[in-house]
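One letter stands for each residue in the lines below.
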Amino acid sequence: MTPPAPLDPAALRAALEEADLRVLLLVLFQLSGERRWLQDPFRPKRDVRLIADAAAGFDPALQRRIREAAFDLLSGPLPAPAIAAPDETCLLEMMRACLGENVDPAYAPLVREDLGFADGGTRWRAPPEAGTLAQNHVVIVGAGLSGLGLGMQLAALGIPFTILERNPEAGGTWFENRYPGAGVDTPNLFYSWSGHPNPRWRRYFSQRDEILAYIRDTAANAGLMAKVRFCTTL
């Protein structure tokens with residue numbers, strides 16, 4: 001495999017100026033393996049607001065030091081991560097350092113799955129016979145995020161199903177609500193399926209049309225549209 005070309009220095013500097021300092025510290029740690037990036041003076045200040053302070057509690061000199069370290073690390077040939085897939089203990093340490101609080105260990109396996117470091121897909125312990133599966137057809141009510149997500153899981157297990165949707169198109173509430181300014185009030189991560197991440201979000205809090213397009217495109221790529229009966233009420 002051809003290694004990726006070095007990033008354009010000007011574009012990299014511009015991106016780093018916009019980057020969240022908390023995230024940059026985790027990038028520095030994961031790429032370099034140097035634990036100092038999780039320790040003082042590089043521990044962000046705890047901030048419980050939905051949109052945390054961009055300074056993360058660091059003075060301007062320390063902010064510049066973090067961004068310059070990230071530039072030095074990323075401006076040449078991109079290094080392979082020193083920690084390619086953090087285990088639960090390591091990820092918990094990273095989360096606690098990033099948030100500045102004692103994160104409950106129960107979150108580590110959930111976040112590890114969402115980040116793609118663990119396979120959270122549903123699996124059979126012992127797959128049933130095809131005839132048994134065929135006799136257990138599942139009906140899912142609604143082709144919104146939850147219904148389509150359930151369809152993806154059932155498809156992976158080979159369980160036959162039909163999705164009933166009262167609207168003429170998929171999307172659920174994101175199809176129905178069209179008022180000006182409609183959009184998410186929590187980050188896009190919570191409106192994404194962990195097995196189908198979207199690296200092309202235009203905004204951190206996307207508006208209705210982009211969310212709806214993601215739902216439809218992902219469902220179509222997963223082959224779910226043929227499983228939906230539209231304009232059908234239960």
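To keep things clear, this report deals only with the structure shown in the data block. Only a predicted model underlies this, so the values are computations on that prediction, with no experimental measurement involved. Every chain begins its residue count from 1, and numbering advances along the sequence as written. Restriction of local features to residues with pLDDT of at least 70 applies here, the model being predicted, together with a cutoff of 80 or more for giving and counting side-chain atom pairs; totals for whole chains, interfaces and linings are based on all residues. In computing side-chain values, all of the structure's heavy atoms are included and hydrogens and water are not.

## Here we look at the overall build of the chain
Phase 1: Every helix listed is a DSSP run of H or I at least four residues long, and every strand listed is a run of E at least two residues long, numbered separately from the N terminus. When helices and strands are tallied, the chain shows nine helices and three strands.
Phase 2: From first element to last, N terminus to C terminus, the chain shows the α and β order α-α-α-α-α-α-β-α-β-α-α-β.
Phase 3: A principal-axis box enclosing the C-alpha atoms of the chain has dimensions of 65 × 50 × 40 Å.
Phase 4: Counting across all 234 residues of the chain, residues that qualify as buried make up 34%.
Phase 5: For the chain, the exposed surface amounts to about 14,400 Å²; the carbon and sulfur share of it is 55%.
Phase 6: Treating the 24 positive side-chain charges of the chain as one cloud and the 27 negative ones as another, the clouds have centres 2 Å apart. In this scheme, a residue with accessible area under 20% of its type's maximum is buried, one over 50% is exposed, and one in between is partly exposed, where area comes from a 1.4 Å probe on protein chains only. Using a 1.4 Å probe, the Shrake-Rupley method yields the accessible areas, and only the shown protein chains count as cover for residues. We score Asp and Glu as negative and Lys and Arg as positive, and we do not count His or the chain ends. In plain terms, the charge of a residue is placed at NZ if it is Lys, CZ if Arg, CG if Asp and CD if Glu.

## So, the sheet that holds strand β3 (residues 228-229)
Phase 1: Strands pair, by our definition, only if DSSP identifies at least two bridges between them. In space, the three strands of this open sheet follow the order β1-β2-β3, with parallel pairing throughout. A strand with exactly one partner marks an edge of an open sheet, and here the two such strands are β1 (138-141) and β3.
Phase 2: As paired elements, β1 and strand β2 (residues 161-164) share four bridges and run parallel to each other. Residue pairing for β2: I140 is matched across the bridge by I163.

## Comments concerning the pattern of salt bridges
Phase 1: Salt bridge, as used here, is a side-chain nitrogen of Lys or Arg placed within 4 Å of a carboxyl oxygen of Asp or Glu. Evaluated as defined, the whole model comprises 11 salt bridges.
Phase 2: Measuring nitrogen to oxygen at the nearest pair gives 2.9 Å for the salt bridge that ties R13 to E68. Here E68 lies in helix α3 (residues 60-74) and R13 lies in helix α1 (residues 9-18), a separation of 55 residues in the sequence.
Phase 3: Overall, the relative accessible area of 37% leaves R13 in the partly exposed class.
Phase 4: Looking at E68, the relative accessible area reads 26%, which means it is partly exposed.

## Topic: the packing of aromatic side chains
Phase 1: Only centres within 6.5 Å qualify two rings of Phe, Tyr or Trp (six-membered ring in Trp) as a pair; their planes then separate them into stacked at under 30 degrees, edge-to-face at over 60, and tilted for everything else. A full pass over the atoms with the stated rule returns five aromatic pairs.
Phase 2: Seen in terms of ring centroids, W174 and Y191 are 5.5 Å apart; in terms of plane orientation they differ by 90°. Their pairing is edge-to-face. In this pair, W174 sits in helix α8 (residues 173-176) while Y191 sits in the loop between α8 and α9 (208-221), placing the two residues 17 residues apart along the sequence.
Phase 3: Of the residues examined, Y191 reaches a relative accessible area of 22% and is grouped as partly exposed.
Phase 4: Judged by centre distance (5.1 Å) and plane angle (85°), the rings of Y204 and F205 are edge-to-face.
Phase 5: Of the residues examined, F205 reaches a relative accessible area of 18% and is grouped as buried.
Phase 6: Cation over ring: R178 sits above F175, and NZ or CZ is 4.8 Å from the ring centre. Remark: a charge is flagged as sitting over a ring if the NZ atom of Lys or the CZ atom of Arg is within 6 Å of the ring centre and within 35 degrees of the ring normal.

## Notes on the side chain of N167
Phase 1: Structurally, N167 can be placed in the loop between β2 and α8.
Phase 2: For this analysis, a polar contact is any N or O atom pair within 3.5 Å, provided that within protein one partner can donate a hydrogen and the other can accept it, and provided that sequence-adjacent residues contribute only side-chain to side-chain pairs. One polar contact links N167 to E176, side chain to side chain, over a distance of 2.9 Å.
Phase 3: Residue contacts follow a heavy-atom distance rule, with two residues in contact if any of their heavy atoms lie within 4.5 Å. Those residues in contact with N167 that sit more than four places away from it in its chain are G172, F175, E176, F230 and C231.

## Examining the side chain of R67
Phase 1: Here R67 shows up in helix α3.
Phase 2: Buried and unpaired, R67 has no salt bridge, with E17 as the nearest side chain of opposite charge at 4.2 Å.
Phase 3: Here the side chain of R67 touches A19 through a polar contact of 3.0 Å, landing on its backbone oxygen.
Phase 4: Each residue touching R67, except ones within four places of it in the same chain, is listed here: L16, E17, A19, L21 and L24.

## Observations regarding the nonpolar core
Phase 1: Counting residues in hydrophobic clusters, the biggest one holds 30 residues, and the most contacted among them are L16, F29, W37, F58, I66 and M94.
Phase 2: Within the residue set of this core, elements represented by two or more residues are α1, α2 (21-32), α3 and α4 (88-99).
Phase 3: One finds I159, W193, L212 and V228 within the second-largest nonpolar core, a separate group that totals 24 residues. As used in this record, nonpolar core signifies buried Ala, Val, Leu, Ile, Met, Phe, Trp, Tyr and Cys residues forming a set joined through side-chain atoms within 4.5 Å.

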